[in-house]
Amino acid sequence: MTTTTRPLAIVTGASGGIGREIALALATRGYDLLLIARNASGLARTAEAAGAAGARSHCLPLDLSGPADAIRANLQAALDADGRVPAVLVNNAGFGIAGRFDRIDPAAIDGQIAVDIAALTILTRAVLPAMVAAGRGRVLNLASTAAFVPGPGLAVYYAAKAYVVSLGRALAVEMAGTGVTVTTLCPGPTRTGFAERAGMAGSRLFSGNPGLMTAGQVARIGLEATFAGRPLVVPGRANRLGAILSRLAPPQLAARMVKRLHPDQS
Ligand SMILES: NC(=O)c1ccc[n+]([C@@H]2O[C@H](COP(=O)([O-])OP(=O)(O)OC[C@H]3O[C@@H](n4cnc5c(N)ncnc54)[C@H](OP(=O)(O)O)[C@@H]3O)[C@@H](O)[C@H]2O)c1
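Values in this document were obtained by computation on a predicted structure and should not be read as measured data.

## Things to note about the pairing of strand β5 (residues 137-142)
Each regular strand displays side chains that alternate between the two surfaces of the sheet.
Next, step 1: In terms of burial, β5 is largely enclosed, as 5 of its 6 residues are buried.
Next, step 2: Across 4 bridges, the pairing between strand β4 (residues 88-91) and β5 is parallel. Considered in β5, the bridge of L89 is made with V139.
Next, step 3: In the classification by handedness, the crossover that spans β4, the intervening helix α4 (residues 106-134) and the parallel β5 is right-handed.
Next, step 4: Here β5 pairs with strand β6 (residues 180-185) via 6 bridges, running parallel. Within the sheet, the bridge partner assigned to L140 lies in β6 and is T183.

## Here we look at the packing of aromatic side chains
Aromatic ring pairs are described here by two measures, namely the spacing of the ring centres and the angle between the planes.
Next, step 1: A complete count under the given rule lists 4 aromatic pairs for this structure.
Next, step 2: Clustering of aromatic rings is evident, with ring pairs tying together Y157, Y158, F194 and F206.
Next, step 3: The cationic tip of R247 hangs over the ring face of F148; the distance from NZ or CZ to the ring centre is 4.5 Å.

## What about the site of the ligand?
Next, step 1: The ligand sits among 32 residues. The nearest are S15, R38, N92, Y157 and T192.
Next, step 2: A distance of 2.8 Å separates a nitrogen atom of the ligand from a polar atom in the backbone of L64.
Next, step 3: Taking R197, its side chain carries an N or O atom lying 2.8 Å from an oxygen atom of the ligand.
Next, step 4: When the ligand is considered free in solution it has 870 Å² of accessible area, and contact with the protein chains removes 97% of it.
Next, step 5: Breaking the shell around the ligand down by element, the ones donating at least two residues are α1 (17-28), α5 (155-174) and α6 (194-198).

## Some words on a nonpolar patch on the surface
Next, step 1: Taken together, the side chains of L241, I244, L245 and L248 make up a nonpolar region of the molecular surface, amounting to roughly 430 Å² of accessible area.
Next, step 2: Structurally, I244 can be placed in helix α8 (residues 237-248).

## Concerning α5
Next, step 1: Compared with an ideal rise of 1.5 Å per residue, which puts 20 residues at 28 Å, α5 spans 29 Å between its outermost C-alpha atoms and is within 8% of the ideal.
Next, step 2: Of the surrounding elements, those touching the buried residues of α5 are α4, β5, β6, α6, β9 (232-233) and α9 (251-261).

## Quick word on the packing of α4 against α5
Next, step 1: Where α4 meets α5, the axes come as close as 9 Å, and the angle between the chain directions of the two elements is 15°. In terms of their interaxial angle, α4 and α5 are classed as roughly parallel. Of the two elements, α4 crosses α5, and the hand of that crossing is right-handed. Here I109, Q112, I113, D116, I117, L120, T121, T124 and L128 of α4 lie close against α5, whose contacting residues are V156, Y157, A160, Y163, V164, L167 and L171.

## Things to note about the environment of I97
Next, step 1: Considering the arrangement of structural elements, one finds I97 in the loop between β4 and α4.
Next, step 2: Counting along the chain gives 73 residues from I97 to A170, while the straight-line C-alpha distance between them is 27 Å.
Next, step 3: Not counting residues within four places of it along the chain, the set of residues in contact with I97 comprises I104, A108, Q112, G153, L154, R197 and A198.

## Looking at the nonpolar core
Next, step 1: One finds I10, L34, L64 and F148 to be the most contacted residues of the largest nonpolar core, which totals 37 residues.
Next, step 2: Mapped by element, the contributors of at least two residues to this core are β1 (8-12), β2 (32-37), α3 (68-82), α4, α5 and β6.
Next, step 3: Element by element, the count of residues in this core is highest for α4, at 8 residues.

## A look at the pattern of salt bridges
Next, step 1: Under the definition given, this model contains 6 salt bridges.
Next, step 2: Linking D32 and R6 is a salt bridge whose minimum nitrogen-to-oxygen distance equals 2.8 Å. With a gap of 26 residues between them, D32 in strand β2 and R6 in the segment before β1 connect regions that are remote in the sequence.
Next, step 3: A salt bridge links D82 to R84; the shortest N-O distance between them is 2.9 Å.
Next, step 4: D82 sits in the buried class, given a relative accessible area of 11%.

Criteria and thresholds
Numbering of residues starts from 1 in every chain and runs along the sequence as written. The model is predicted, so local features are restricted to residues of pLDDT at least 70 and side-chain atom pairs to those at 80 or more, both for listing and for counting; the totals for chains, interfaces and linings are taken over all residues. Working from all heavy atoms in the structure, the side-chain values ignore hydrogens and water. Working definition: with a 1.4 Å probe on protein chains only, accessible area under 20% of the residue-type maximum means buried, over 50% means exposed, and in between means partly exposed. Secondary structure is summarised from DSSP: a helix means a run of H or I of at least four residues, a strand means a run of E of at least two, and numbering begins at the N terminus for each. Strands qualify as paired when DSSP identifies two bridges or more between them. We call a crossover right-handed when, viewed with the strands running away from us, the connection from the first strand over the helix to the second turns clockwise. Note on aromatic pairs: the rings of Phe, Tyr and Trp (six-membered ring only in Trp) are paired at centre separations within 6.5 Å, and the planes decide the class, stacked below 30 degrees, edge-to-face beyond 60, tilted for the rest. Charges are assigned to positions over rings by a cutoff of 6 Å between ring centre and Lys NZ or Arg CZ, combined with an angular limit of 35 degrees from the ring normal. Residues are classed as near a molecule or strand on a simple rule: at least one heavy atom within 4 Å of it. In protein, a polar contact means a hydrogen-donor-capable atom and an acceptor-capable atom, both N or O and within 3.5 Å, with residues adjacent in sequence counting only if both atoms are side-chain atoms; elsewhere, any N or O pair within 3.5 Å suffices. For the accessible areas, the method is Shrake-Rupley and the probe is 1.4 Å, while residue cover comes only from the protein chains on display. Only residues above 30% relative accessible area that lack a salt bridge enter a patch, with like-charged residues linked at up to 9 Å and the nonpolar side chains Val, Leu, Ile, Met, Phe, Trp and Tyr linked at up to 5 Å. Salt bridges are defined by distance alone: a side-chain nitrogen of Lys or Arg within 4 Å of a carboxyl oxygen of Asp or Glu. Multiply 1.5 Å by the residue count of a helix minus one, and that product is the helix's expected span. By definition in these notes, contact holds between two residues if any of their heavy atoms fall within 4.5 Å. What counts as an axis is a line fitted to C-alpha atoms, over the stretch in contact for a helix, and the angles between N-to-C directions run from 0 to 180 degrees. Any angle that falls under 35 degrees is termed roughly parallel, while one over 145 is termed roughly antiparallel, one within 65 to 115 roughly perpendicular, and all others oblique. Crossing handedness is defined as follows: a turn of the near helix away from the far one that is anticlockwise and smaller than a right angle gives a left-handed crossing, while the clockwise case is right-handed. Residues belong to a common nonpolar core when they are buried Ala, Val, Leu, Ile, Met, Phe, Trp, Tyr or Cys residues joined through side-chain atoms within 4.5 Å.

Printed below as a string of structure tokens:
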């Protein structure tokens, strides 16, 4: 059981990229951390850097594409051992796999749905009751500007992020008046390990794109919106403009334009 006045934040996908930067920014804001991802050494590196900002971290190496019961049980065991009601949950873990839908490894599709949709939903449902009972809490979910259009060439990922936006907007309204806020962060292309994992490092979205944001910029903007209780934030002026235009375009036209960004790579 932890005896400290520091509040606890949970961050998934904290072994690198945007999740690591969010974790470090939360450490600077005075939070202790429960860090979740598969890569234990990546988590340990984040924990060490957070320690320099005064945070105590517990690393929970966990595959979020695993069974729901295992995710719930691992989270509950970590929270029981800690004893604190989490003040912040950041559902950041996520990935995409580029290619035409019928040619992508079915297991890779299952994995995207499990991590990008199911785990985010499971973890949010797991922490919200205690946050509501405490009368305070912040949930930050990572979506993407991909949420606003259909995404041929990365179809499951775009659809998954549309789910995250829809869920987040609904929960933000459901939670009104409880002291709990739900914020959805929709970055555009950001310099992390995402593009390489997706098999799209050569895509025009990433290769030679002077508008790429850094993970630190995205984390800072996401946390500012979270602590302001905003329901949704798109970081960067160009991304905000793109998000507005993509919602004005007829969906099939938008889909054909996105297809040019994601040529069939399988
Ligand atoms: N980079 C972009 O251009 C961009 C744009 C919009 C939205 N986003 C979103 O931002 C979030 C963070 O991505 P990123 O850009 O920081 O990419 P990243 O550098 O690849 O980081 C992804 C994180 O998710 C974790 N993760 C992936 N699969 C997992 C699994 N099965 N179980 C547990 N953790 C898992 C990874 O940890 P392990 O590998 O250690 O498990 C890693 O910490 C994602 O939700 C992504 O969709 C990214």
